[in-house]
Amino acid sequence: MQHFLVHVRRRVPPGLRLVLGLLLICGGILGFLPVLGFWMIPLGFAVAMLDVMPLYRRGLRRGKALRERAEPGADDRDEDAPGDDAPEDGPEDDRR
């Protein structure tokens with residue numbers, strides 16, 4: 001199977017790999033018919049993942065970058081958040 005995946009990665013264009021993977025999965029679902037087989041399902045998933053995983057990783061990197069960009073503003077949150085046990089200076093009347 002590894003040899004087949006290397007061959008597909010080198011010879012089949014990226015957009016077509018996803019289509020080929022989906023066709024293999026559909027053919028595997030019809031595995032009870034002659035010529036087709038249930039072995040096509042995991043092979044189809046493997047071929048489709050060749051195109052899906054880079055998109056997934058790109059999305060993870062983009063999400064991480066967005067979270068990191070939002071992090072510096074997280075320090076400016078409301079200081080009187082629930083659970084904040086910081087002592088207060090006391091009532092304002094005593095400050096006169």
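So, how was this worked out
Residues numbered from 1 in each chain as written. Predicted model: local features only at pLDDT ≥ 70, side-chain atom pairs only at ≥ 80, totals over all residues. Heavy atoms only, no water. Salt bridge = Lys/Arg side-chain N within 4 Å of Asp/Glu carboxyl O. Helix = DSSP H or I, 4+ residues; strand = E, 2+ residues; numbered from the N terminus. Buried < 20%, exposed > 50% of the residue type's maximum accessible area, 1.4 Å probe, protein only. Contact = heavy atoms within 4.5 Å. Core = buried A, V, L, I, M, F, W, Y, C linked by side-chain atoms within 4.5 Å. pLDDT = per-residue confidence, 0-100.

A.B. asks: What exactly am I supposed to notice about the pattern of salt bridges here?
C.D. replies: Any two side chains of opposite charge can pair, given that their charged atoms come close. Under the counting rule described, the total for this entry stands at one salt bridge. For the salt bridge of Arg17 with Asp51, the shortest nitrogen-to-oxygen distance reads 3.0 Å. Linking Arg17 in helix α2 (residues 14-29) with Asp51 in helix α3 (residues 40-70), this pair joins segments that are 34 residues apart in sequence. Among the residues examined, Asp51 registers a relative accessible area of 12% and is labelled buried.

A.B. asks: What should I look at first to understand the environment of Ile29 in this one?
C.D. replies: Along the chain, Ile29 turns up in helix α2. Filtering out sequence-adjacent residues up to four positions away, Ile29 remains in contact with Phe38 and Ile41.

A.B. asks: Would you take a moment to explain the nonpolar core for this structure?
C.D. replies: Within soluble globular proteins, side chains that are nonpolar generally end up buried alongside one another. Leu5, Val8, Leu24, Met40, Leu43, Ala46, Val47 and Leu50 together form the largest nonpolar core, which totals eight residues. If you list the elements that add at least two residues to this core, you get α1 (2-11) and α3. Here this core takes five residues from α3, the largest share from any one element. Setting aside chain neighbours within four positions, we find Val47 in contact with Phe4, Leu5, Val8, Arg17, Leu20, Gly21 and Leu24.

A.B. asks: What is the right way to read the confidence of the model for the protein from this model?
C.D. replies: When pLDDT is low, close inspection of the predicted coordinates is not appropriate. Taken over all residues, the pLDDT of the protein has a mean of 80, while the share at 70 or more is 74%. Mean pLDDT values over the elements of the protein span from 87, in α1, up to 91, in α2.

A.B. asks: Got a minute to help me understand the side chain of Arg17 in this structure?
C.D. replies: Taking relative accessible area as the criterion, Arg17 reaches 10% and is therefore assigned buried. For Arg17, the residues in contact, after removing those within four places along its chain, are Val8, Arg9, Val12, Val47, Ala48, Leu50 and Asp51.

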